[in-house]
Amino acid sequence: MSLPPEANTQINRRNGLQRLLLACGALSFAEQARAGGQIEEPLVDSVRTALSSAIQNAAPPVPEFADTESRLKYLRWLGAMSERLKKKKPDWETRKEFLQTVWYESKRAGLDVSLVMGLIQVESNFRKFAVSRVGARGYMQVMPFWTRVLGDGDAGKLFHMQTNLRFGCVILRHYLERERGDMFMALGRYNGSRGKAPYPSAVMGAKRNWDWAV
């Protein structure tokens with residue numbers, strides 16, 4: 001038996017809505033697989049002191065180089081990364097300042113710059129004012145409790161670019177040391193999903209977008 005046109009229209013709309021809801025559910029699941037936050041853990045006094053010192057050193061992100069070749073290497077990196085980041089940050093000065101700070105804070109914490117770029121891509125997609133469903137903030141999605149544990153408790157400062165990148169890099173370095181160099185476990189701890197593969201796999205996959213050969 002054929003249905004009247006208005007009935008077919010209602011069925012098509014209902015099917016379309018169901019497909020949309022399923023698609024949104026799949027997207028939500030994908031975001032939850034990567035979204036998360038660091039879990040507050042007790043810190044021994046020596047670790048707290050070391051981390052606080054690393055955070056509170058307010059040196060500006062001005063690269064210094066031992067020789068001309070090192071400076072030229074940095075400038076080549078800056079040029080290459082600037083081209084890759086142009087769609088996310090169209091303004092050259094903004095892009096330059098961001099990349100310079102990522103480079104500085106990554107090196108300062110002894111981290112691979114491309115790894116940090118990959119982590120930022122997964123965590124915030126390079127959005128300075130990103131806030132996750134659990135309250136993590138900024139480029140590297142730092143949980144607000146860290147400002148209480150290591151700083152003055154002002155979580156609003158996590159939207160400041162250098163502050164956010166410094167917290168993120170120092171925390172990841174801390175987790176990497178706790179996991180004895182195991183990057184898979186350190187990334188999981190950073191995300192609050194220690195031992196699970198989706199987040200470390202996402203970061204390492206994104207890292208390939210920022211790998212650079214001299």
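Here, every reference points to the structure presented above.
A. Highlighting the overall build of the protein. Secondary structure summary: the protein contains 9 helices and 0 strands in total. Across the protein, helices and strands are ordered from the amino to the carboxyl terminus as α-α-α-α-α-α-α-α-α. Counting every position in the protein, which comprises 214 residues, the buried fraction comes to 41%. A fraction of 61% describes how many contacts in the protein between residues 6 or more apart in sequence connect residues 24 or more apart. For the protein, the accessible surface area stands at approximately 12000 Å², while carbon and sulfur atoms represent 54% of it.

B. View of the side chain of Glu179. Summarising the element assignment, Glu179 is placed in the loop between helix H7 (161-178) and helix H8 (183-191). Overall, Glu179 belongs to the buried group, its relative accessible area being 10%. Polar contacts involving the side chain of Glu179 include one to the side chain of Arg189, which spans 2.8 Å. What Glu179 contacts, discounting residues up to four positions off in sequence, is Met185, Ala186, Arg189 and Arg194.

C. Broad picture of the packing of aromatic side chains. On inspection of all chains with the given rule, the structure shows 10 aromatic pairs. Relative to Tyr74, the ring of Phe65 has its centre 5.3 Å away and its plane inclined at 40°; by these criteria the two rings are tilted. In this structure Phe65 comes out as partly exposed when scored by relative accessible area, which is 24%. Its relative accessible area of 5% is what places Tyr74 among the buried residues.

D. Local environment of empty space enclosed by the protein. Evaluated as defined, the whole model comprises 1 cavity of 30 Å³ or more. Space inside the largest cavity adds up to approximately 50 Å³. When residues of the lining of the largest cavity are traced back to their parent elements, those giving at least two are helix H6 (145-150) and H7. Residues of the lining of the largest cavity, tallied by class, amount to 6 nonpolar, 1 polar and 3 charged.

E. Summary view of H8. A large share of H8 lies buried, amounting to 7 of its 9 residues. Taken together, the buried positions of H8 are Met185, Ala186, Leu187, Gly188, Arg189, Tyr190 and Asn191. The opening residue of H8 is Asp182, an N-cap whose side-chain oxygen sits 3.1 Å from the backbone nitrogen of Phe184. After H8 finishes, the residue Gly192 shows a positive phi value of roughly 80°.

F. Spotlight on the nonpolar core. Phe98, Ile120, Met140, Trp146 and Tyr190 are the most contacted members of the largest nonpolar core, which has 49 residues in total. Mapped by element, the contributors of at least two residues to this core are helix H2 (45-56), helix H3 (68-85), helix H4 (92-108), helix H5 (113-124), H6, H7, H8 and helix H9 (198-207). Top element by residues in this core is H7. It accounts for 9 residues. Setting aside residues up to four positions removed in sequence, Met140 forms contacts with Gln38, Val116, Leu119, Ile120, Glu123, Asn164, Leu165, Gly168, Cys169 and Tyr190.

G. Highlighting the packing of H2 against H7. Axis separation between H2 and H7 bottoms out at 10 Å; the angle between their running directions is 150°. Here H2 lies roughly antiparallel to H7, going by the angle between them. The hand of the H2/H7 crossing is right-handed. From H2, Val47, Leu51, Ala54 and Ile55 reach across to H7, where they touch Arg166, Phe167, Val170 and His174. Here the contact of H2 with H7 is built from residues that sort into 6 nonpolar, 1 polar and 1 charged.

H. View of the pattern of salt bridges. The tally for this structure, following the rule as stated, stands at 11 salt bridges. Of the charged contacts, one joins Glu40 and Arg148 as a salt bridge, the two residues approaching to 3.0 Å between their closest N and O atoms. Remark: Arg148 occurs in helix H6 and Glu40 occurs in the loop between helix H1 (5-34) and H2; sequence separation between them is 108 residues. Judged by relative accessible area, which is 40%, Glu40 ranks as partly exposed.

Rules of the game
Residues numbered from 1 in each chain as written. Predicted model: local features only at pLDDT ≥ 70, side-chain atom pairs only at ≥ 80, totals over all residues. Heavy atoms only, no water. Helix = DSSP H or I, 4+ residues; strand = E, 2+ residues; numbered from the N terminus. Buried < 20%, exposed > 50% of the residue type's maximum accessible area, 1.4 Å probe, protein only. Contact = heavy atoms within 4.5 Å. Areas by Shrake-Rupley, 256 points an atom, 1.4 Å probe, with all protein chains shown as cover. Polar contact = N/O pair within 3.5 Å; in protein donor to acceptor, adjacent residues only side chain to side chain. Phe/Tyr/Trp six-rings, centres within 6.5 Å; stacked < 30°, edge-to-face > 60°. 1 Å grid on protein atoms, 1.4 Å probe; cavity = no way out; pocket = protein on both sides within 12 Å on 5 of 7 lines; lining within 4 Å. Points joined across faces, edges and corners; volume = space filled by probe spheres on them. Nonpolar A, V, L, I, M, F, W, Y, C, P; charged D, E, K, R; others polar. Core = buried A, V, L, I, M, F, W, Y, C linked by side-chain atoms within 4.5 Å. Axes fitted to C-alpha atoms, helices over the stretch in contact; angles between N-to-C directions. Parallel < 35°, antiparallel > 145°, perpendicular 65-115°, else oblique. Left-handed = near helix turned anticlockwise from the far one by under 90°. Salt bridge = Lys/Arg side-chain N within 4 Å of Asp/Glu carboxyl O.

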